[in-house]
Amino acid sequence: MQSSKPTHVRYLILLMLFLVTTINYADRATIAIAGSSLQKDLGIDAVTLGYIFSAFGWAYVAGQIPGGWLLDRFGSKKVYALSIFTWSLFTVLQGFVGEFGLSTAVVALFMLRFLVGLAEAPSFPGNARIVAAWFPTAERGTASAIFNSAQYFATVLFAPLMGWIVFTFGWEHVFIVMGILGIAFSLVWLKIIHSPRQHPMANEAEVKFIADNGGMVDMDQKQGKRADGPKWDYIRQLLTNRMMLGVYLGQYCINGITYFFLTWFPVYLVQERGMTILKAGFIASLPAICGFIGGVLGGVISDWLLRKGHSLTFARKAPIIAGLLVSSSIVACNYVEVEWMVVGFMALAFFGKGVGALGWAVVSDTSPKQIAGLSGGLFNTFGNIASITTPIVIGYIISSTGSFKWALVFVGANALVAVFSYLVIVGPIKRVVLKEPPTNGGSEATGKLSQAHS
């Protein structure tokens with residue numbers, strides 16, 4: 001039944017993005033919650049655990065560009081559904097590695113974490129792509145911040161549960177429970193997610209409102225006409241653009257903070273601060289609550305600044321820079337001994353990181369319209385190199401120094417480098433417009449990148 005009043009189906013879509021990202025990050029964090037018990041049971045050292053933590057990142061990074069291309073080629077709904085099902089299946093299988101001997105268990109765990117990373121590769125480019133299709137420009141910062149803040153909500157909701165499961169039943173069971181939850185959600189995704197024009201619950205008024213205000217509602221309608229592979233000249237153009245390089249560097253540093261939280265943070269609470277794994281699971285949720293609040297607040301502030309007439313550049317950069325300056329306060333944990341103060345500084349640091357985590361809003365604002373998925377994949381490739389380097393670097397720091405003190409300095413330094421990147425390198429934030437690569441073999445390959453305000 002048609003109505004002149006716009007529906008609000010985009011908020012249901014945003015809820016689905018929030019829920020799937022919550023499950024996504026909960027599945028990433030299973031290894032962190034299980035890490036201390038797993039390390040003890042399998043008899044592995046800090047460096048080996050660091051490499052196991054990093055296994056996800058190797059494949060996640062490698063899969064970003066192919067994942068982005070798959071989204072552009074086949075659409076967000078099908079590719080994302082397969083992604084959810086597959087990463088959840090590999091999560092379940094991690095619960096059975098304890099059946100093998102030590103060396104086989106370590107290799108099996110590394111490979112399964114690798115496969116989880118590969119399967120999750122389309123997830124965040126898919127989120128950015130769906131937000132670009134469903135949300136007008138003035139709502140995009142809030143929408144992106146909400147789905148991105150699910151990384152903190154995942155810890156708030158699941159860290160205590162996973163800590164209890166590990167404490168009560170053993171580390172193996174946390175993988176099985178979380179994997180089954182993800183498999184079930186993949187079926188819900190197929191039922192609810194559609195592109196704007198095809199969604200049975202969205203009326204013409206809502207679709208027109210989105211389209212008239214910057215939403216790319218027809219993004220998936222041209223998928224069947226796309227080329228058979230990524231247009232590498234497009235990637236070259238993005239990689240030679242100063243603004244995008246600054247955004248990539250900033251995201252790498254922001255993710256350095258994220259992956260400390262997703263990997264070594266619970267181990268820090270157990271080994272450096274002497275907590276039980278059950279207590280660590282609950283304590284880990286407190287900074288995550290602050291990160292969640294900061295994540296939503298950063299997007300709301302950014303869109304509010306935009307509606308008040310500030311430039312897109314100021315509206316996006318101001319929360320990012322302010323939030324990351326606050327996030328560098330994580331170093332203060334090295335100078336306090338009282339437990340509540342440690343938790344307080346961690347909470348403050350992750351609140352700031354949440355406010356500053358607007359990179360995906362910037363990607364939705366700047367991505368070239370014809371390769372939104374591929375552009376998001378390239379952005380996430382650079383950002384998630386930190387998922388490889390951060391766990392390994394921290395593992396070596398702990399192994400060589402015997403404590404987490406320099407590890408926290410390393411995490412705080414990441415926040416300051418991200419501030420430098422947005423202040424000095426990024427410049428004005430604008431929609432990237434690509435020149436089509438030459439189709440005639442004899443034509444001059446100009447392929448230069450230009451920019452226009454979104």
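Cut-offs applied
- Residues numbered from 1 in each chain as written.
- Predicted model: local features only at pLDDT ≥ 70, side-chain atom pairs only at ≥ 80, totals over all residues.
- Heavy atoms only, no water.
- UniProt positions renumbered as here; feature names shortened; annotations may be inferred.
- Axes fitted to C-alpha atoms, helices over the stretch in contact; angles between N-to-C directions.
- Helix = DSSP H or I, 4+ residues; strand = E, 2+ residues; numbered from the N terminus.
- Parallel < 35°, antiparallel > 145°, perpendicular 65-115°, else oblique.
- Left-handed = near helix turned anticlockwise from the far one by under 90°.
- 1 Å grid on protein atoms, 1.4 Å probe; cavity = no way out; pocket = protein on both sides within 12 Å on 5 of 7 lines; lining within 4 Å.
- Points joined across faces, edges and corners; volume = space filled by probe spheres on them.
- Nonpolar A, V, L, I, M, F, W, Y, C, P; charged D, E, K, R; others polar.
- Expected span 1.5 Å × (residues − 1).
- Bend = angle between axes of the 7 residues up to and from the residue.
- Patch = residues over 30% accessible without salt bridge, like charges linked within 9 Å, V, L, I, M, F, W, Y side chains within 5 Å.
- Areas by Shrake-Rupley, 256 points an atom, 1.4 Å probe, with all protein chains shown as cover.
- Salt bridge = Lys/Arg side-chain N within 4 Å of Asp/Glu carboxyl O.
- Buried < 20%, exposed > 50% of the residue type's maximum accessible area, 1.4 Å probe, protein only.

- As annotated in an unreviewed UniProt entry, the protein carries the name MFS transporter and comes from Pseudomonas ekonensis.
- According to the UniProt record, the Subcellular location (unreviewed entry) comment for the protein reads "Cell membrane".
- Under the heading Sequence similarities (unreviewed entry), UniProt records this for the protein: "Belongs to the major facilitator superfamily. Phthalate permease family."

Observations regarding the packing of helix H1 (residues 9-42) against helix H7 (residues 137-169)
Step number 1: Two numbers describe how H1 lies on H7: the axes approach to 6 Å, and their chain directions differ by 40 degrees. By the angle between their axes, H1 is oblique relative to H7. As for the relative orientation of H1 and H7, their crossing is right-handed in sense.

Concerning empty space enclosed by the protein
Step number 1: Throughout the structure, instances matching the rule amount to 5 cavities of 30 Å³ or more.
Step number 2: The wall of the largest cavity is formed by 18 residues, among which Tyr25, Asn148, Gln251, Asn255 and Trp360 lie closest to the centre.
Step number 3: For the lining of the largest cavity, the elements supplying multiple residues, two or more each, are H1, H7, helix H11 (242-272) and helix H15 (359-366).
Step number 4: Residues of the lining of the largest cavity, tallied by class, amount to 8 nonpolar, 8 polar and 2 charged.

Section: H7
Step number 1: Between the first and last C-alpha of H7 there are 47 Å, a value that for 33 residues agrees with the 48 Å anticipated at 1.5 Å per step.
Step number 2: When the local axis directions of H7 are compared, the greatest deviation, roughly 45 degrees, occurs at Phe158, which is followed within four positions by the proline Pro160.
Step number 3: Gly170 sits one or two positions beyond H7 and adopts a positive phi of about 115 degrees.

With respect to a nonpolar patch on the surface
Step number 1: A surface patch of nonpolar side chains, amounting to about 340 Å² of accessible area, comprises Phe85, Leu89, Leu93 and Phe96.
Step number 2: Inspection of the secondary structure puts Leu93 in helix H4 (residues 76-94).

Details of the environment of Asp212
Step number 1: For Asp212, the position within the fold is in helix H9 (residues 204-212).
Step number 2: On the basis of relative accessible area, Asp212 is assigned to the exposed category, the value being 52%.

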